[in-house]
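Structural overview for review
Chain by chain, the residues run as shown.
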Amino acid sequence: MASAASHRDGPSDGPKKLTILGSTGSIGCSTLDLVQRNPEAFQVEAVTAGTRVKELAAQAREVGAKCAVIADETLYGDLKEALSGTGIDVAAGHAAVAEAAAPPADMVMAAIVGAAGLPPTLAAVRQGTTILLANKETLVCAGDFMSAELSAHGATLLPVDSEHNAIFQVLEDSQPDAIEKIILTASGGPLRTRELHEMRDVTPAQAVAHPNWDMGAKISVDSATMMNKGLELIEAHYLFDMPSEQIDILVHPQSVIHSMVAYVDGSVLAQLGSPDMRTPIAYSLAWPQRMKAPVERLDFAKVRELTFEDPDPKRFPALRLTRTALEDGGSAPTILNAANEIAVDAFLNKRIRFTEIAETVEETLQSIEPRQLDSLDAVFETDRLAREVSTGVVARFESGGTAKKVGVA
Ligand code: NAD
Ligand code: MG
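Residues numbered from 1 in each chain as written. Chains lettered and ligands numbered in written order. Predicted model: local features only at pLDDT ≥ 70, side-chain atom pairs only at ≥ 80, totals over all residues. Heavy atoms only, no water.

Attention now moves to a negative patch on the surface. On the surface, Glu172, Asp173, Glu180 and Asp265 cluster together into a patch of negative charge. With respect to the helices and strands, the residue glutamate 180 is situated in strand E8 (residues 179–186). Given the relative accessible area of 43%, glutamate 180 is considered partly exposed. (Patch = residues over 30% accessible without salt bridge, like charges linked within 9 Å, V, L, I, M, F, W, Y side chains within 5 Å. Areas by Shrake-Rupley, 256 points an atom, 1.4 Å probe, with all protein chains shown as cover. Salt bridge = Lys/Arg side-chain N within 4 Å of Asp/Glu carboxyl O. Lys, Arg positive; Asp, Glu negative; His and termini not counted. Charge placed at Lys NZ, Arg CZ, Asp CG, Glu CD. Helix = DSSP H or I, 4+ residues; strand = E, 2+ residues; numbered from the N terminus. Buried < 20%, exposed > 50% of the residue type's maximum accessible area, 1.4 Å probe, protein only.)

So this is what it looks like as structure tokens:
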């Protein structure tokens with residue numbers, strides 16, 4: 001992956017031009033909050049959203065964006081009307097979102113959820129710009145391909161995901177041989193203490209009720225299954241060029257230590273902070289400097305204790321599935337990601353049970369012959385096939401069918 005450290009130049013004069021993909025989401029709104037508190041530091045070029053026209057139009061007006069793009073083409077008229085007379089350019093459709101990701105911008109915040117973020121993120125990579133990556137699914141579904149494109153175009157990837165941002169802050173990448181392992185911390189999610197036999201009946205409302213973080217629905221369900229930590233394992237592999245066996249996952253319910261790096265001399269470096277995404281977002285927006293973020297300061301006397309435990313593979317089979325997919329390589333992570341997106345959507349729409357998310361992913365992985373992915377077309381084709389297969393698995397569960405192979409080991 002293109003080394004961020006090699007781009008530690010001083011800041012350019014004037015405000016940084018910033019495009020925000022997925023501006024109406026949780027990460028997008030936190031980014032805009034920081035931008036609005038620092039109006040001299042940033043000029044917002046483009047904001048994009050999936051379907052929320054009103055919010056998108058309001059954001060574009062508030063920050064004086066040059067352009068607003070809605071992915072759903074049927075909403076073009078609504079967006080145009082909402083921004084009429086403002087001089088803000090309006091566009092619609094997935095191709096227009098990808099076009100908005102190309103310059104003129106110094107930085108692109110990639111905060112679309114899911115593999116839908118891949119084409120626009122890739123468009124930004126191909127302009128050699130700096131990408132602030134929240135959209136982990138892009139690296140999971142096309143990690144090898146993205147790594148090659150980043151190198152080919154000299155683009156810089158700054159991790160926004162709190163764990164990877166923490167690692168980035170404490171990683172001495174000038175001495176790769178001195179790094180013994182990366183320790184990814186996990187809150188354990190809202191079901192950390194739930195009994196195995198209760199998992200099947202977990203509702204969407206229970207699954208999205210995260211104890212520490214306020215996030216979009218998909219990543220909240222991923223946190224409940226711990227698929228999120230598995231996706232982050234694959235994300236860490238690509239971001240930091242680390243093999244699976246050098247990346248540990250450790251449950252840390254307080255979410256104060258955001259991840260750690262262990263070195264050969266026995267030192268362990270960690271980054272700590274309140275669980276508020278505005279800290280890692282601020283770090284990536286200001287990098288290689290730092291900027292103020294209005295987050296609650298850590299009060300260690302109030303935190304009192306930091307605790308740790310091993311994750312439970314029985315109740316959270318997604319961890320096993322993701323590690324195996326990473327070790328298998330090729331198309332396996334792409335299949336896993338697509339099947340998970342389909343299954344999470346079905347669960348949120350009350351079509352399948354909570355435990356059937358991992359079962360859908362496992363069955364989809366078993367049903368598709370793994371292959372090497374040597375082009376973007378191959379990535380898209382695998383993603384499409386995995387969505388088709390997992391949609392079939394979901395339909396069987398919905399009509400009362402059972403798992404072909406029980407996902408819980
Ligand atoms: P969210 O659901 O709150 O927001 C998603 C954004 O993407 C919205 O603006 C939505 O309009 C847009 N979008 C959705 N589907 C789209 C499509 N098909 N085409 C174009 N735009 C589309 O999600 P979020 O919680 O902000 O997460 C965004 C990404 O950041 C995810 O990849 C997530 O894993 C990652 N992330 C989020 C957090 C967090 O705290 N929320 C933390 C770490 C990483
Ligand atoms: Mg994270």
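The next thing to look at is the sheet that holds strand E5 (residues 107–110). Spatial ordering of the open sheet is given by E4-E3-E2-E1-E5-E6-E7, a layout of 7 strands whose pairing is parallel. Sheet topology places strand E4 (89–92) and strand E7 (156–159) at the edges, where each strand pairs with a single neighbour. Across the sheet, the mean angle from the axis of one strand to that of its neighbour is 20°, orientation sign disregarded. Here strand E3 (residues 67–70) pairs with E4 via 4 bridges, running parallel. For alanine 68, the partnering residue across the bridge sits in E4 and is valine 90. (Pairing = 2+ DSSP bridges. Axes fitted to C-alpha atoms, helices over the stretch in contact; angles between N-to-C directions.)

We now examine the site of ligand 1. Around ligand 1 sit 23 residues in total, of which Thr24, Ser26, Gly50, Glu137 and Gly216 are the nearest. In this structure, alanine 134 approaches ligand 1 through a main-chain N or O atom, which is 3.4 Å from an oxygen atom. Contributions of two or more residues to the shell around ligand 1 are made by helix H1 (26–37) and helix H6 (136–153). Of the residues assigned to the shell around ligand 1, the class counts are 11 nonpolar, 9 polar and 3 charged. Each of domain 1 (4–160) and domain 2 (164–229 + 241–303) gives at least three residues to the shell around ligand 1. (Near = heavy atom within 4 Å. Polar contact = N/O pair within 3.5 Å; in protein donor to acceptor, adjacent residues only side chain to side chain. Nonpolar A, V, L, I, M, F, W, Y, C, P; charged D, E, K, R; others polar. Domains from an automatic or database assignment.)

Once that is clear, we can look at the domain arrangement of the protein. Domain boundaries in the protein define domain 1 (4–160), domain 2 (164–229 + 241–303) and domain 3 (318–398). Summarising the inter-unit geometry, the C-alpha centres of domain 1 and domain 3 are found 27 Å apart. Roughly 790 Å² is buried in total at the junction of domain 1 and domain 3, and carbon and sulfur atoms are behind 70% of that figure. For the pair domain 1 and domain 3, the number of links is 0 salt bridges. (Buried area = accessible area lost by both parts, 1.4 Å probe.)

Coordination of the magnesium ion (ligand 2) by the protein involves Asp161 (OD), Glu163 (OE) and Glu232 (OE), with metal-donor separations of 2.1 to 2.2 Å. In primary-sequence terms, the residues that donate to the magnesium ion (ligand 2) follow D-x1-E-x68-E. Pair noted here: glutamate 163 is in helix H7 (residues 162–170) and glutamate 232 is in helix H10 (residues 227–240), with a separation of 69 residues, a long-range link. According to the relative accessible area criterion, glutamate 163 is buried, its value standing at 9%. By relative accessible area, glutamate 232 is classed as buried at 1%. (Donors = N, O, S within 2.8 Å, 3.2 Å for Na, K, Ca; no water.)

On to unusual backbone geometry, then. Peptide bonds are, in most cases, trans, and in most cases residues other than glycine have a negative phi. The amide bond that connects tryptophan 287 to the next residue, proline 288, takes the cis arrangement and shows omega of 10°. When you line up the elements, proline 288 lands in the loop between helix H11 (278–286) and helix H12 (300–303). Phi at aspartate 241 is positive, roughly 55°, even though this residue is not glycine. For aspartate 241, the position within the fold is in the loop between H10 and strand E9 (247–251). Positioned with a positive phi, serine 255 is a non-glycine residue whose angle comes to about 50°. Assignment of secondary structure puts serine 255 in the loop between E9 and strand E10 (257–263).

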